[in-house]
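Architecture and fold: a report
Residues per chain are reported as follows:
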Amino acid sequence: MTRTGKSARLARSALEPILDMHPLDMALHGLGDGGMVKLRSPDGGAVLRVRASEDVRPGHVFAPIHWTGVNSSAGRVGSLVHAVTDKWSGQPALKNTRVRVEK
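Before going into details, it helps to say that this report is about the structure given with it. (Residues numbered from 1 in each chain as written. Predicted model: local features only at pLDDT ≥ 70, side-chain atom pairs only at ≥ 80, totals over all residues. Heavy atoms only, no water.)

Some thoughts on the environment of threonine 85
Applicable threshold: Numbering of helices and strands runs from the N terminus, with a helix taken as a DSSP run of H or I at least four residues long and a strand as a DSSP run of E at least two residues long. The criterion used for residue contact is that any of the two residues' heavy atoms lie within 4.5 Å.
Along the chain, threonine 85 turns up in the loop between strand S4 (61–62) and strand S5 (100–102). Leave out the neighbours within four places in its chain, and threonine 85 touches Gly90, Gln91 and Pro92.

Considerations on the nonpolar core
Here is the rule we go by: Grouping buried Ala, Val, Leu, Ile, Met, Phe, Trp, Tyr and Cys residues that are joined through side-chain atoms within 4.5 Å yields what is termed a nonpolar core. Only protein chains enter the area calculation, which uses a 1.4 Å probe; residues under 20% of their type maximum are buried, those over 50% are exposed, and those in between are partly exposed.
Core analysis: the biggest nonpolar cluster contains 13 residues, and Leu19, Leu31, Leu48 and Val50 have the highest contact counts within it. At the level of elements, strand S1 (18–21), strand S2 (36–41) and strand S3 (44–52) are the ones that each hand at least two residues to this core. Per element, the largest residue contribution to this core is three residues, and it comes from S3. Excluding its chain neighbours within four sequence positions, the residues that come into contact with valine 50 are Leu19, Met21, Met26, Leu31, Gly32, Asp33, Gly34, Gly35 and Val37.

Section: the environment of alanine 74
On the secondary structure map, alanine 74 appears in the loop between S4 and S5. Of the residues examined, alanine 74 reaches a relative accessible area of 36% and is grouped as partly exposed. Between the C-alpha atoms of alanine 74 and leucine 48, which are 26 residues apart in sequence, the distance is 7.9 Å. Among all residues touching alanine 74, those that are not within four sequence positions of it are Gly45, Ala46 and Val47.

A few points about the layout of surface pockets
Let me state the cut-off plainly: The way it works is a 1 Å grid over only the protein atoms, where trapped points that fit a 1.4 Å probe form a cavity and open points with protein on both sides within 12 Å along at least five of seven lines form a pocket, and then any residue with an atom within 4 Å of a point lines it. Grid points are joined across faces, edges and corners, and a volume is the space filled by probe spheres set on the points.
Here the largest pocket is characterised by a volume of approximately 710 Å³. Forming the walls of the largest pocket are 24 residues, and the residues nearest its centre are Val61, Phe62, Leu94, Lys95 and Thr97. Those elements that place two or more of their residues in the lining of the largest pocket are S1, helix H2 (23–28), S4 and S5.

Some details on the pairing of S3
Definition in use: In this scheme, strands are said to pair when DSSP sees at least two bridges between them.
Pairing analysis gives four bridges linking S1 to S3, with the strands arranged parallel. Among the inter-strand pairings, aspartate 20 is bridged to a residue of S3, identified as arginine 51. Summarising the sheet, S2 and S3 pair through six bridges and their orientation is antiparallel. If you follow lysine 38 over to S3, its bridge partner there is valine 47.

Notes on the pattern of salt bridges
Rules: The working definition used for a salt bridge is a side-chain nitrogen of Lys or Arg within 4 Å of a carboxyl oxygen of Asp or Glu.
According to the stated counting rule, one finds four salt bridges in the structure shown. Glutamate 16 is the partner of arginine 49 in a salt bridge, and the nearest nitrogen-oxygen pair spans 2.7 Å. Here the residue arginine 49 occupies a position in strand S3, and glutamate 16 occupies one in the loop between helix H1 (8–11) and S1, the gap between them amounting to 33 residues. Across the salt bridge formed by glutamate 102 and arginine 40, the nearest N and O atoms sit 2.9 Å from each other. Here glutamate 102 is found in strand S5, whereas its partner arginine 40 is found in strand S2, with 62 residues between them in sequence. Its relative accessible area of 35% is what places arginine 40 among the partly exposed residues. Salt bridges here are not isolated pairs; linked through shared partners, they connect Arg40, Arg100 and Glu102.

What follows is the structure, encoded as structure tokens:
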């Protein structure tokens, strides 16, 4: 997946919105690999398929930012992020957005 969505090869690498989560956290939430979760933040929500990943630290989750209203009706990761941006780059504060995971 790419930010512009213009690379067909990269777009095929992720066919739907996905959330990577550590297996220990999945067990705590009663989630199975491939199940659906709702992420909520004070700014919005998104529905994603969960995938077990030991690349993600316990207590953290990872979701690609590339899902927008153009390619996903309920998996818009940007809807979770607050409006604070870096003063130099203008990039949103994606990496420190707190979310609640719901089965």
